[in-house]
Amino acid sequence: MARSFDSWTSDIETNSIASDAFGGAAASVLTVAFGLSYSLLIFSGPLAPDLAYGVAATFVASAVLAAVVALGSSIPFAIAAPDSSTAAMTAILAAAFAERVAAANPAMPLLGPTLITLSLASLATGLAMFGFGMTRMGRAIRYVPYPVVGGFLGATGCLIFLGAIKVITGHRLQFATLGEFANATTMFELSAAAIMALVLYLTWHRSRSPIGLPLILIAGVALGHIGFRLAGISPAEAQAAGWVFTPPPQVKLALPWTEIGQYPWRILADLSADLVAVAFVTASTTLFNTAGIEVATQRDADLERELNVTGLGNMLAGIAGGYTGCISVSRTVLAFSTGARGRLAGLTSAAISLLMLAQAPALLGFIPKFVLGGLLIYLAADQLHKWIVESRKRLSVPEYLSLLAIILIIVEWGFVPGVLIGVVIGCATFALSASRVNSIKFHFDGSEFRSSLDRSRDEQSVLSAHGGAIQGLNLQSYLFFGSANRLSQHVKSLLQRQPQCRYLLFDFKLVTGIDSSAAYSFTQIKRAADDRGVHLVLVHLAAPVEKVLRSSGFLAGDVRLVPELDRALEWCENEIIARHHDRAQEEATLLDWFTQILGSERDAHELMSRCERLEVKEGDVIVQAGVAADSMHFILDGRVGVMISDENGPTRVRSLGRHTTVGEMGLVSGAPRSATIQAEVASVLYVLSTPQFESIKAAQPQLGQKLLTYFMTVMAERLTFANRTIAVLRR
């Protein structure tokens, strides 16, 4: 965040000074207009007599924030000041403090303690934001459910609107005070303010012209005074009737800390929830506004840096007697659209804010209430339109209803109950939505999806006939009570539809986590499986998931854990074959096997005479990748693996069992070995070398043709199973 003096002065020198100054001055028009409105919003009711100090606090905050953000922001032309959302929260804090002071000690002066409260809120907010930026925790705000944030900021629009009514009429809009609005003068004031807000929407809202807002406000002031003159009302009478603000006295800027010794700290403790709300709104508004400026100006911003700079600005504003604020979308975009590209724009805005400390009180005494009241109504309507109307396009019906509920709760009972209930609603809505996500990526059974172990034809026949005894589910996403309950119902339905199922596989490779309620659903699955005599096999079970399942008692008993799906399928297939295959056939002699391959006992004898017996132990390398192929192997008993190596080490891509062959393609083509063949268990093989194969083709062409036909059949079968596997994985 730190930048040298030469660094930021070079930014000023490399941009047009005139453009930056003009852009900052144009943005200052909004700062002045909004600042006067925010002062009226915050210093109303019992604080109205001290409005001049409120105006001073507003423009002190505007000057400090604009200067600090101008010097340190990752967006050189950024303009910062109190924002509508932060001003609404500050107004709530000030009103709550004034009410508690009046209840505790009616004789206590309000001005000093109120200014101290606003300054303390600004200091606390600045420290929190600075901490978020330094620890890179600011992005955590983005994990707050969108309906909660939308309801939070939408409620500020409602509160700005209610504050505008109070500024215009001097009365709170409540059921108990509706009678005070039933007079012609009040209705005329409200109608004039509504017309002003409508004019702002139809003109400046759509054009965002740099001179549009001041022209509209000046025109509103002029038309108001022309109307007073035509009605025969003098300026003094207009002020007495409440049409025009009574000009506050000129005051000297004074720091509130001189009265810190008499500050009622006990009351501040009662306002802790409001202080947290101020910090949350300021931080979230900073992030949202920064994102909006990025989109509008096509410039990238550093969010952590913006939190750091805005936090520092709020701390300095609090020390100087101001209140919270943040980077402004409307003012920054307006400065950018008028040509500002450097840091002088923000410094110009800061200088004009300081000048307003002397001129604002007199200026305020000349402005009709409906002008600034209409501006507040426009700001409230703009905020409500953004968070109530526009958000409907991007939210589901449950999320949108929760947003509206949060707004109503905040308006009626306050921000803390609204946020707490909103988080609960948000979590419930998320859980409902997430539970609709299918936790099963795909389903398979053993007749179509098998292990990589090549088996003899008779074993393949057994698996084709009884492969349905193996049912598998590839799981995905995070498993919690909603999705796991749907999984439990699916498994129970699957076991009813597949009564032949004896082995149920769960592949957890794509599962990101599991909660305790989901573990309970798996215990229900285990009970259903035990009732039907089904064995459960779990694959790719991560340690955290295993811990949760083990603590629930699910892994007790005969639940089998296997690290890889291929080996789990192999185990299930072996179990099925063991149940449906005669042991005597598994130990068939080499002669019987060759006779089955060749269809002739004489040819089988001839092939046996050409082969060389090879006995290997577990782990022995039979052939090495890259070596010229000079033989093939008939696997009489045992199992060998086809291994390939990469930077992660060797990986088994296929396993070959008894009565299968390996290396026939190399025997025919003579190409170098593409993989290493290694014994997975003690095995007995018969080796047919290339010279012997060539001799067979020359001396016994009929036998050679039978062997070539067998090789082609084996390769076609392997290709068929590979295609089926790919088809399943593409589901």
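The shown structure was predicted, so the numbers you read here are calculated from the model rather than taken from an experiment.

Description of the overall build of the chain
Point 1. Counting its regular elements, the chain contains 29 helices and 16 strands.
Point 2. The C-alpha atoms of the chain give 40 Å as radius of gyration, which overshoots the globular expectation for 731 residues (27 Å, by more than 25%).
Point 3. Looking at the chain alone, contacts between residues at least 24 apart form 82% of all its contacts between residues at least 6 apart.
Point 4. As presented, the chain carries roughly 32500 Å² of accessible surface, and 61% of it is formed by carbon and sulfur atoms.
Point 5. Distance between charge centroids for the chain: 5 Å, based on 56 positive and 57 negative side chains.

Thoughts on helix α19 (residues 457–466)
Point 1. Residues of α19 that are buried include every one of Glu459, Gln460, Val462 and Leu463, and no others. An end-on view of α19 places all buried positions within 155° of arc, on one side of the element.
Point 2. Looking at the buried side of α19, the elements it contacts are α23 (565–580) and α29 (701–729).

Describing the sheet that holds strand β14 (residues 660–662)
Point 1. If you trace the four strands from one edge of the open sheet to the other, you get β9-β16-β11-β14, paired in antiparallel fashion. The open sheet has two free edges, formed respectively by β9 (612–616) and β14, since each of these has just one partner strand. Adjacent strand axes in the sheet meet at a mean angle of 30°, parallel and antiparallel pairs treated alike.
Point 2. By the bridge criterion, six bridges tie strand β11 (residues 631–637) to strand β16 (residues 683–689) in an arrangement that is antiparallel. When the sheet's bridge partners are listed, Ile635 is paired in β16 with Leu685.

Some remarks on the nonpolar core
Point 1. In this structure, Phe43, Leu213 and Leu375 are the most contacted members of the largest nonpolar core, which totals 82 residues.
Point 2. In this view, Phe43 contacts Ala48, Asp50, Leu51, Gly54, Leu111, Leu115 and Leu118; residues no more than four positions away in its chain are not counted.
Point 3. In terms of nonpolar packing, the next biggest core, distinct from the first, is built from 30 residues, Val491, Ala528, Leu549 and Leu555 among them.

Thoughts on the environment of Tyr503
Point 1. Following the sequence through the fold, Tyr503 ends up in strand β6 (residues 503–514).
Point 2. Remark: the alpha-carbon pair of Tyr503 and Val534, spanning 31 residues in sequence, is separated by 5.5 Å.
Point 3. If sequence neighbours within four positions are ignored, Tyr503 has contacts with Ala469, Ile470, Gln471, Val534, His535, Trp571, Cys572, Glu575, Ile576 and Arg579.

Observations regarding the packing of aromatic side chains
Here a ring pair, both rings aromatic, is described through the centre-centre distance and the interplanar angle of the planes.
Point 1. Scanning all chains against the criterion turns up 16 aromatic pairs.
Point 2. On the basis of an interplanar angle of 65° and a centroid distance of 4.9 Å, the ring pair of Phe594 and Phe634 is categorised as edge-to-face. Residue Phe594 is located in helix α25 (residues 590–598), and its partner Phe634 is located in strand β11; the two are separated by 40 residues in the primary sequence. Note on accessibility: Phe594 and Phe634 belong to one class, buried.
Point 3. Both rings, one in Phe693 and one in Phe711, keep their centres 6.2 Å apart while their planes meet at 45°; by these two values the pair is tilted. One end of the pair, Phe693, is in helix α28 (residues 690–699); the other, Phe711, is in helix α29, with 18 residues separating them in the sequence. Taken as a pair, Phe693 and Phe711 share a single burial class, namely buried.
Point 4. Note that Arg341 overlies the ring of Phe336, its terminal NZ or CZ placed 3.8 Å from the centroid.
Point 5. The ring centre of Tyr400 lies 5.4 Å from the NZ or CZ of Arg392, which sits over that ring.

Thoughts on the sheet that holds strand β10 (residues 621–623)
Two modes of strand pairing occur in sheets, parallel and antiparallel, and in both the strands are linked by backbone hydrogen bonds.
Point 1. A sheet is described by the order of its strands in space; here five strands give the open sequence β4-β13-β12-β15-β10, paired in mixed fashion. Each edge of the open sheet carries a strand with a single partner, namely β4 (453–454) and β10.
Point 2. In this structure, β10 lies alongside strand β15 (residues 676–679), joined through two bridges in antiparallel fashion. When the sheet's bridge partners are listed, Val623 is paired in β15 with Ile677.

Remarks on the pattern of salt bridges
If charged atoms from side chains of opposite charge come close, those side chains can pair.
Point 1. Overall, the coordinates contain 17 salt bridges when judged by the stated rule.
Point 2. Between Glu564 and Arg567 there is a salt bridge, with its nearest N and O atoms 3.8 Å apart.
Point 3. According to the relative accessible area criterion, Glu564 is partly exposed, its value standing at 39%.
Point 4. Between Asp603 and Arg602 there is a salt bridge whose closest N-O contact spans 3.8 Å.
Point 5. Via salt bridges that share partners, Asp566, Glu570, Arg639, Arg652 and Glu680 belong to a single interconnected network.

Observations regarding the environment of Trp243
Point 1. Turning to its location among the elements, Trp243 is positioned in the loop between α10 (235–241) and α11 (265–270).
Point 2. Considered as a pair, Trp243 and Phe228 are 15 residues apart in the sequence and their alpha carbons are 9.2 Å apart.
Point 3. The contacts of Trp243, once residues within four sequence positions are left out, are Thr185, Phe188, Glu189, Phe228, Ala238, Pro368, Lys369 and Phe370.

Quick notes on the environment of Met712
Point 1. Mapping Met712 onto the fold places it in helix α29.
Point 2. It is 9.1 Å that separates the C-alpha atoms of Met712 and Met665, two residues lying 47 residues apart in sequence.

A few points about the packing of helix α2 (residues 17–42) against helix α14 (residues 329–337)
The axes of two packed helices give the description: the angle between them and the distance between them.
Point 1. Put simply, α2 and α14 touch, their axes get as near as 7 Å, and they point 160° apart. Comparing their axes, α14 and α2 come out roughly antiparallel. Helix-helix and strand crossings are classified by hand; for α2 and α14 the assignment is right-handed. For the pair α2 and α14, the contacting residues are Gly23, Ala26, Ala27, Leu30, Thr31, Phe34 and Tyr38 in the first and Ser330, Arg331, Leu334 and Ala335 in the second.

Digging into the side chain of Thr332
Point 1. Of note, Thr332 is situated in helix α14.
Point 2. Here Thr332 falls in the buried class, since its relative accessible area comes to 0%.
Point 3. Sequence-distant contacts of Thr332, defined by excluding residues within four places in its chain, comprise Phe77, Ala78, Ile79, Ile293 and Ile327.

Notes on the confidence of the model for the chain
Point 1. Mean pLDDT for the chain: 83, with 90% of residues reaching 70 or above.
Point 2. In the model, residues 1–5 has pLDDT below 50 throughout and makes nine contacts with residues more than four positions away in sequence or in other chains.
Point 3. Note on residues 8–15: pLDDT under 50 across the span, and 14 contacts to partners over four residues away in sequence or across chains.

Looking at a nonpolar patch on the surface
Point 1. A contiguous nonpolar surface patch, about 430 Å² in accessible area, is contributed by Phe161, Leu173, Phe175 and Leu178.
Point 2. By the secondary structure assignment, Leu173 is in the loop between α6 (146–169) and α7 (184–202).
Point 3. On the basis of relative accessible area, Leu173 is assigned to the partly exposed category, the value being 37%.

Here we look at the packing of helix α3 (residues 51–72) against helix α13 (residues 303–319)
Point 1. Look at α3 against α13: their axes get within 9 Å of each other, and the N-to-C directions meet at 150°. The pairing of α3 with α13 is recorded here as roughly antiparallel in orientation. Considering only the axes of α3 and α13, their crossing is right-handed. Between α3, through Ala61, Val64, Leu65, Val68, Val69 and Gly72, and α13, the contact on the second element is made entirely by Arg305, Val309, Thr310, Leu312, Gly313, Asn314, Leu316 and Ala317.
Point 2. Grouping the amino acids of the contact of α3 with α13 by side-chain chemistry returns nine nonpolar, four polar and one charged.

Quick look at the pairing of strand β7 (residues 535–539)
The two faces of the sheet receive side chains in turn, since in a regular strand these alternate between them.
Point 1. Among the five residues that make up β7, four are buried, leaving the element largely enclosed by the rest of the structure.
Point 2. With five bridges connecting them, β6 and β7 associate as parallel partners. Among the inter-strand pairings, Leu504 is bridged to a residue of β7, identified as Leu536.
Point 3. What joins β7 to strand β8 (residues 560–562) is helix α22 (residues 543–551), and the crossover it makes is right-handed.

Basis of the calculations
- Residues numbered from 1 in each chain as written.
- Predicted model: local features only at pLDDT ≥ 70, side-chain atom pairs only at ≥ 80, totals over all residues.
- Heavy atoms only, no water.
- Helix = DSSP H or I, 4+ residues; strand = E, 2+ residues; numbered from the N terminus.
- Rg over C-alpha atoms; globule rule 2.2 N^0.38 Å.
- Contact = heavy atoms within 4.5 Å.
- Areas by Shrake-Rupley, 256 points an atom, 1.4 Å probe, with all protein chains shown as cover.
- Lys, Arg positive; Asp, Glu negative; His and termini not counted.
- Charge placed at Lys NZ, Arg CZ, Asp CG, Glu CD.
- Buried < 20%, exposed > 50% of the residue type's maximum accessible area, 1.4 Å probe, protein only.
- Arc of directions from axis to C-beta.
- Pairing = 2+ DSSP bridges.
- Axes fitted to C-alpha atoms, helices over the stretch in contact; angles between N-to-C directions.
- Core = buried A, V, L, I, M, F, W, Y, C linked by side-chain atoms within 4.5 Å.
- Phe/Tyr/Trp six-rings, centres within 6.5 Å; stacked < 30°, edge-to-face > 60°.
- Lys NZ or Arg CZ within 6 Å of the ring centre and 35° of its normal.
- Salt bridge = Lys/Arg side-chain N within 4 Å of Asp/Glu carboxyl O.
- Parallel < 35°, antiparallel > 145°, perpendicular 65-115°, else oblique.
- Left-handed = near helix turned anticlockwise from the far one by under 90°.
- pLDDT = per-residue confidence, 0-100.
- Patch = residues over 30% accessible without salt bridge, like charges linked within 9 Å, V, L, I, M, F, W, Y side chains within 5 Å.
- Nonpolar A, V, L, I, M, F, W, Y, C, P; charged D, E, K, R; others polar.
- Right-handed = clockwise from strand over helix to strand, strands pointing away.

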